[in-house]
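Now for the letters of each chain:
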Amino acid sequence: MIGVFDSGVGGLSVLKSLRAQLPAEKFVYLADSGFAPYGERGDAFVIERTRAIVRQLRDEHAIKALVIACNTATAAAIHLVRTEHPDLPLIGVEPALKPAVALSKTGRIGVMATRGTVASAKLRALHDSLKGQAEFILQPCDGLADAIQNHDVARISALCREYTQAIGPFGVQAGQVDTLVLGCTHYAFAWDTLQKVVGTDVRLIETGEPVARQARRLLEAAGQLRQGGTPGHITLLTTGRQEALNAAAQRWLGLTL
Ligand code: DGL
């Protein structure tokens, strides 16, 4: 199986693309909902949770590869996982700043992410590497992942409004933000709300598809890609409420459970 994990339901947005790219693979998805959200908790906490989850997925499910479907955990811990598990093919996610530069015409790009991701050395390095190519407005979005996690529609809408207002004005005229990067896997599930708030001219970017393509490349290179045969199945695990995860998977992935 391929292991996929996130602090909660956000990584399901990545799992959706993984299933499309790798239909014959089996997945074990772990939502660490009992310990979510990660974004406002600090690196030490996220590192400890990531280590425990990788151990569990290896020991109990013998995963052949791991997708860290969480920007916050990738930023805080992927370098450690790489060092501690050098034999494990590993894929992380990071906010899509580079693709945004290629798409933006006004050169003003909004980035919504958790506080942890915004403060991370990894995002700072990525940001620095693109200096002069565009102007980025980095917005920490406290509470938004939690609202999505709890499917709290009113709060999602209020927070999307508040944070996009802090980034904008949006539009395709000079000086306006024409591209919005969703730098947290949870935010993909607020896509429609965000698109409505910023207007249909503004491009939204999430990372599920490029991450899935990268996973495919990595498995192919390692001679580990499962092709043909019976369609793969998905195992859903959580440290939180199983019914909540199942409902989210049904809602967003159309899974019949
Ligand atoms: N989904 C996560 C991310 O991509 C983390 C959200 C959270 O737990 O704060 O950053």
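Note: the structure precedes this text.
Residues numbered from 1 in each chain as written. Predicted model: local features only at pLDDT ≥ 70, side-chain atom pairs only at ≥ 80, totals over all residues. Heavy atoms only, no water.

Moving on, we come to helix α2 (residues 43–61). Here α2 contains 19 residues, and its C-alpha end-to-end distance of 26 Å stays within 8% of the 27 Å for a straight helix at 1.5 Å per residue. Along α2, the residues that are buried comprise Val46, Ile47, Arg49, Thr50, Ile53, Val54, Leu57 and His61. One face of α2 carries all of its buried residues, which in axial projection span an arc of 165°. Facing away from the buried surface of α2 by more than 90 degrees, the exposed residues are Ala44, Glu48, Asp59 and Glu60. Each element contacted by the buried residues of α2 is listed here: β1 (2–6), β2 (27–31), β3 (65–68), α3 (71–84) and β9 (234–238). (Helix = DSSP H or I, 4+ residues; strand = E, 2+ residues; numbered from the N terminus. Expected span 1.5 Å × (residues − 1). Buried < 20%, exposed > 50% of the residue type's maximum accessible area, 1.4 Å probe, protein only. Arc of directions from axis to C-beta. Contact = heavy atoms within 4.5 Å.)

A word on the packing of aromatic side chains. Scanning all chains against the criterion turns up three aromatic pairs. Here Phe35 and Phe45 contribute two aromatic rings whose centre-to-centre distance is 6.5 Å and whose plane-to-plane angle is 45°, an arrangement assigned as tilted. Of this pair, Phe35 sits in the loop between β2 and α2 while Phe45 sits in helix α2, and the two are ten residues apart along the sequence. Connected via pairs of aromatic rings, a cluster forms that spans Phe35, Tyr38 and Phe45. In this structure, Arg41 packs its charged tip against the face of Phe45, placed 4.8 Å from the ring centre. Sitting over the face of the ring of Trp252, Arg251 holds its NZ or CZ atom 4.7 Å from the ring centroid. (Phe/Tyr/Trp six-rings, centres within 6.5 Å; stacked < 30°, edge-to-face > 60°. Lys NZ or Arg CZ within 6 Å of the ring centre and 35° of its normal.)

So, about the nonpolar core. Within the largest apolar cluster, 52 residues are counted, with the highest numbers of intra-cluster contacts made by Leu12, Leu18, Val67, Met112, Leu144, Leu180 and Tyr187. What Tyr187 contacts, discounting residues up to four positions off in sequence, is Met112, Ala113, Thr114, Cys141, Leu144, Ala145, Ile148, Leu182 and Leu194. Core analysis: the next-biggest nonpolar cluster, separate from the first, contains 21 residues, Tyr38, Ile53, Ile68 and Ala76 among them. (Core = buried A, V, L, I, M, F, W, Y, C linked by side-chain atoms within 4.5 Å.)

Next up on the list: the site of the ligand. For the ligand, the set of nearby residues contains 13 residues, the closest of which are Ser7, Tyr38, Gly39, Thr72 and His186. Within the backbone of Asn71, a nitrogen or oxygen atom sits 2.8 Å from an oxygen atom of the ligand. Note that an oxygen atom of the ligand is positioned 2.6 Å from one of the side-chain N or O atoms of Thr72. Considering the ligand on its own, with 300 Å² of exposed area, one finds that the protein chains cover 100% of that surface. Taken together, the residues of the shell around the ligand sort by class into five nonpolar, seven polar and one charged. (Near = heavy atom within 4 Å. Polar contact = N/O pair within 3.5 Å; in protein donor to acceptor, adjacent residues only side chain to side chain. Areas by Shrake-Rupley, 256 points an atom, 1.4 Å probe, with all protein chains shown as cover. Nonpolar A, V, L, I, M, F, W, Y, C, P; charged D, E, K, R; others polar.)

We now examine the pairing of β1. β1 sits mainly inside the fold: five of its five residues count as buried. Every second residue of β1 is oriented toward a common face, with Ile2, Val4 and Asp6 on one face and Gly3 and Phe5 on the other, all of them buried. Relative to β2, β1 runs parallel, the two sharing five bridges. Residue pairing in the sheet places Ile2 in a bridge with Phe27 of β2. As judged from the four bridges shared by β1 and β3, these two strands associate in the parallel manner. Each bridged residue has a counterpart across the sheet, and for Phe5 the counterpart in β3 is Ile68. (Pairing = 2+ DSSP bridges.)

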